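Residues per chain are reported as follows:
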Amino acid sequence: MVKGSCLCGSVKYEISGQIGDIVHCHCQTCRKAHGSAFSSVGAVEAKDFSILGADSLKSFESSKGKFRYFCSNCGTQIYAKREKAEHIILRLGSLDSDITSLEKEHIWVSQKASWYNPKLKLPQRKEYE
């Protein structure tokens, strides 16, 4: 069972099935919703996704028929769902469990942040020093 939650812990979820390949979305809407260079997501069958603490879950229709669900207390993006879709788009930053899904691609790079340069080999640190 894969588990996840928001930053404040008001919204929790469980996934009984698989999480699809990881996609990094650079579209302007994802960048603004997450306040980051891109949003990392994976598809999950809606029937395999269970929300706990739904009282704190709110939604916003960011484009026609696409709803983004987030914690109304801390703002953590949890998932998105298109009308009539049988899967949800899980925001992987909200995971508490490790997963084995693999990165597949970067999409909407035509809208990527001008300051994001994946070609740079920046230092990596275990923690902030």
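Remember, predicted model here, so these are calculated numbers, not experimental data. (Residues numbered from 1 in each chain as written. Predicted model: local features only at pLDDT ≥ 70, side-chain atom pairs only at ≥ 80, totals over all residues. Heavy atoms only, no water.)

A. Fine view of the packing of aromatic side chains. A complete count under the given rule lists four aromatic pairs for this structure. On the basis of an interplanar angle of 65 degrees and a centroid distance of 5.0 Å, the ring pair of Phe49 and Tyr79 is categorised as edge-to-face. Taken together, the residues Phe49 in strand 5 (residues 49–52) and Tyr79 in strand 8 (residues 77–82) connect sequence positions 30 residues apart. Each member of the pair, Phe49 as well as Tyr79, is classed as buried. Each ring, one from Tyr69 and one from Tyr79, has its centre 4.5 Å from the other, and the planes form 10 degrees; the classification is stacked. (Phe/Tyr/Trp six-rings, centres within 6.5 Å; stacked < 30°, edge-to-face > 60°. Helix = DSSP H or I, 4+ residues; strand = E, 2+ residues; numbered from the N terminus. Buried < 20%, exposed > 50% of the residue type's maximum accessible area, 1.4 Å probe, protein only.)

B. Quick peek at the sheet that holds strand 8. Here seven strands make up an open sheet; going across it, the order is 6-7-8-9-4-3-10 and the pairing mixed. Only two strands of the sheet have a single neighbouring strand rather than two, namely strand 6 (57–63) and strand 10 (103–107). Sheet twist, expressed as the mean angle between neighbouring strand axes with direction ignored, is 30 degrees. As paired elements, strand 6 and strand 7 (residues 66–71) share six bridges and run antiparallel to each other. Its bridge partner lying in strand 7, Lys58 is registered against Phe70. (Pairing = 2+ DSSP bridges. Axes fitted to C-alpha atoms, helices over the stretch in contact; angles between N-to-C directions.)

C. Focus on the pattern of salt bridges. Enumeration according to the criterion identifies two salt bridges in this entry. In this structure, Lys47 and Asp48 form a salt bridge, with 3.3 Å as the shortest nitrogen-oxygen distance. Given the relative accessible area of 68%, Lys47 is considered exposed. (Salt bridge = Lys/Arg side-chain N within 4 Å of Asp/Glu carboxyl O.)

D. Molecular detail of the nonpolar core. Formed by 17 residues in total, the largest nonpolar core has its most connected members in Ile15, Ile19, Phe49, Ile78 and Leu90. Put simply, the parts of the chain that give this core at least two residues each are strand 2 (12–15), strand 8 and strand 9 (87–91). Setting aside its immediate chain neighbours within four residues, Leu90 contacts Tyr13, Ile15, Ile19, Ser40, Val41, Gly42, Val44, Phe49, Ile78, Tyr79 and Leu95. (Core = buried A, V, L, I, M, F, W, Y, C linked by side-chain atoms within 4.5 Å. Contact = heavy atoms within 4.5 Å.)

E. Looking closely at the pairing of strand 4 (residues 39–45). Two elements, strand 3 (residues 22–25) and strand 4, share three bridges in a ladder whose sense is antiparallel. Each bridged residue has a counterpart across the sheet, and for Cys25 the counterpart in strand 4 is Ser39.

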